[in-house]
Amino acid sequence: MEETLVDRIRAEIGERGPISFARFMERALTEPGLGYYMGPRARAGREGDFITAPEMHGILGSALARLIAHTWERLDRPEPFRYPEYGAGSGALVCAIVDQLVRDASPLLEALEIQPIEINANRREELTAALRDRALRRPMNIVPVDATPIAGVVVANEYLDALPFHIFVGRAATAHGLAERRVGVNAHGALEWVEAPLNESEAERVRQRFGAPLAEGQRAEACFAADAWPRELTQRISHGLAVVIDYGREGAELRDPTIRAAGTALAYQGHRATDNLLADPGGRDLTAHVDLTALRAAATASGLTPIASTSQAALIAGAGLDDEIERIRRGPEATLEGAIALRSALARLMNPRSLGGFAVELFGLGSAEHVSRLSDASNPLPGAAAPIRPLV
Ligand SMILES: C[S@@+](CC[C@H](N)C(=O)[O-])C[C@H]1O[C@@H](n2cnc3c(N)ncnc32)[C@H](O)[C@@H]1O
């Protein structure tokens, strides 16, 4: 019989003892051939397990196209201009951006080069094919991940929430008032939660991240993998903008025991969420809210400058899309289906309790001069103003 992912995880636990949830998650999502994100099946989309804004409608891509074009202008139109996208999937977002630049007859199209950073080879092929299918004046240049950094705009939509995280629990009786929730195997061979004490340096790292102690029994996640990510961005672009869109909250809010005693980690399958994180590894998405306070701290430590903290609803509302919305509703090619699709997408994308409440964090990269051009408070980039804060 073929070896399953659970067999492999069990074998690792047999050799090493209980593993961190981060290690379990890494294998569950990205184990070659078996991980949730590694197969031929598309995970995001109506047919998949969850729907993302770009899979729902092109309007987010339209907003980003305007933001990226303005960034390019403010940096004096560098050529080429790079668009690295983390977790680019099958290209719904980049295609919506390119389509909007085409409609705008933007000269940026001639300068743009695309750098998909996507772990799944099937998705990368779909993205390449989707860009190839567009009737552009010149084929879009797709560059490899190790290309030398140049000016550009990096985007990560629903990427950081999928990076492996550790889970901790408040335990007053332990030396540091904390234990780590690790993954072990019970007497029947099933995966189970095991609480393990922390050594001094682990405890210090968690204390620094959490600030305040956890209440007894309170669970909270820490994504240390995301700490290294801002530095990686400096290898993607030399100067420009990074745009992070994700479900996230300030660290203190994520660890408020009155509202989040069980943490935010969830598993998704078939558009249903469950907190049973250990069942069916490889068959479910695993995710937790992004800690925006930790993200900003890691970004600042890597030389990035936080420029704006806003929401997806505010980004779309502030991107100057009246003409695009008018075109979809009443333009020469308008259809009833198109108008209805836009309306139903906006109902979710503008709702602060739904996708509209997703956090949008903008960071400047490069010299102080570059960053100041992108962070002028009297003339904010489109969509970077009104910080309508998420309500949930
Ligand atoms: C939640 S999906 C979001 C996809 C897309 N950004 C969207 O909004 O529809 C996460 C994406 O990140 C990719 N991914 C997950 N882990 C990754 C990693 N370590 N490196 C690169 N891509 C990764 C997955 O294959 C998937 O396409």
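Residues numbered from 1 in each chain as written. Predicted model: local features only at pLDDT ≥ 70, side-chain atom pairs only at ≥ 80, totals over all residues. Heavy atoms only, no water.

Asks: Describe the packing of helix H1 (residues 5-16) against helix H2 (residues 21-30), and please don't skip the residues or the numbers.
Replies: Where H1 meets H2, the closest approach of the two axes is 10 Å, and the angle between their N-to-C directions is 150 degrees. The angle between H1 and H2 falls in the class roughly antiparallel. Crossing hand, H1 versus H2: right-handed. On H2, the residues that touch Leu5, Arg8, Ile9, Glu12 and Arg16 of H1 are Arg23, Phe24, Arg27 and Ala28. (Axes fitted to C-alpha atoms, helices over the stretch in contact; angles between N-to-C directions. Helix = DSSP H or I, 4+ residues; strand = E, 2+ residues; numbered from the N terminus. Parallel < 35°, antiparallel > 145°, perpendicular 65-115°, else oblique. Left-handed = near helix turned anticlockwise from the far one by under 90°. Contact = heavy atoms within 4.5 Å.)

Asks: A description of the environment of Leu374 should follow, citing residues and the corresponding values.
Replies: In this fold, Leu374 is placed in helix H15 (residues 368-374). Judged by its relative accessible area of 2%, Leu374 is buried. Spatially, the C-alpha atoms of Leu374 and Glu47 are 38 Å apart, while their sequence positions differ by 327 residues. When residues no more than four places from it in sequence are discounted, the contact partners of Leu374 are Thr71, Arg74, Leu75, Gly240, Leu241, Ile307 and Leu381. (Buried < 20%, exposed > 50% of the residue type's maximum accessible area, 1.4 Å probe, protein only.)

Asks: Tell me about helix H4 (residues 59-74), residues and numbers included.
Replies: Owing to its 3.6 residues per turn, the α-helix brings residues three or four apart onto one side. Given a rise of 1.5 Å per residue, 16 residues ought to cover 22 Å, and the 23 Å separating the end C-alpha atoms of H4 matches this to within 8%. The buried count for H4 comes to 14 of 16 residues, which makes it a mostly enclosed element. At the C-terminal side of H4, Asp76 shows a positive phi close to 70 degrees. (Expected span 1.5 Å × (residues − 1).)

Asks: Quick rundown of the site of the ligand? Include the residues and the values.
Replies: Around the ligand, the structure places 13 residues, and the nearest of them are Thr52, Gly87, Glu118, Ile119 and Asn157. A distance of 2.6 Å separates an oxygen atom of the ligand from a polar atom in the side chain of Thr52. For the ligand, the accessible surface in isolation is 590 Å², of which the surrounding protein chains cover 90%. Grouping the constituent residues of the shell around the ligand by class yields six nonpolar, four polar and three charged. (Near = heavy atom within 4 Å. Polar contact = N/O pair within 3.5 Å; in protein donor to acceptor, adjacent residues only side chain to side chain. Areas by Shrake-Rupley, 256 points an atom, 1.4 Å probe, with all protein chains shown as cover. Nonpolar A, V, L, I, M, F, W, Y, C, P; charged D, E, K, R; others polar.)

Asks: Give me the lowdown on the sheet that holds strand E16 (residues 305-311), citing residues and values where you can.
Replies: Pairing between sheet strands relies on hydrogen bonds along the backbone, with the strands arranged either parallel or antiparallel. Strand order in the open sheet made by the seven strands is E4-E3-E2-E5-E10-E17-E16, with mixed pairing throughout. Looking at which strands have only one partner, the edges of the open sheet turn out to be strand E4 (141-142) and E16. In this sheet, strand E5 (residues 150-157) lies alongside strand E2 (residues 81-86) in parallel orientation, the contact comprising three bridges. Bridging from a neighbouring strand, Tyr86 pairs with Ala156 of E5. Along the sheet, H4 contacts E2, E5, strand E10 (237-246) and strand E17 (359-365); its crossing angle with E10, the most-contacted strand, is approximately 155 degrees. Seen against the sheet, helix H11 (residues 292-301) touches E10, E16 and E17 and runs at an angle of roughly 5 degrees to E17. (Pairing = 2+ DSSP bridges.)

Asks: Explain helix H7 (residues 121-132) to me, and be specific about the residues and the numbers.
Replies: Over its 12 residues, H7 extends 16 Å from the first C-alpha to the last, a length consistent with the 16 Å expected when each residue adds 1.5 Å. Of the residues making up H7, those classed as buried are Arg123, Leu127, Ala130 and Leu131. Taken down its axis, H7 places every buried residue within 95 degrees of arc, on the same side. The exposed set on the far side of H7, more than 90 degrees from its buried face, consists of Glu125 and Arg132. Buried residues in H7 make contact with helix H5 (92-103), strand E3 (112-117) and E4. (Arc of directions from axis to C-beta.)

Asks: Could you give me a rundown of the confidence of the model for the chain, with the residues and numbers involved?
Replies: Residues at a pLDDT of 70 or more form 98% of the chain, whose mean pLDDT is 95. Here residues 388-392 scores under 50 on pLDDT; set against residues more than four positions off or in separate chains, the count is 17 contacts. (pLDDT = per-residue confidence, 0-100.)

Asks: Kindly report on the nonpolar core, identifying the contributing residues and their values.
Replies: Core analysis: the biggest nonpolar cluster contains 58 residues, and Leu64, Phe81, Tyr83, Leu108, Leu241, Val243 and Leu362 have the highest contact counts within it. Ranked by the residues each element gives to this core, the list is headed by H4, at nine residues. With residues near it in sequence (within four places) discarded, Val243 still touches Leu64, Leu67, Val153, Val154, Val155, Ala156, Val360, Glu361 and Leu362. Judged by nonpolar contacts, the second largest core, of 42 residues, contains Ile13, Trp229, Ile237 and Ala267. (Core = buried A, V, L, I, M, F, W, Y, C linked by side-chain atoms within 4.5 Å.)

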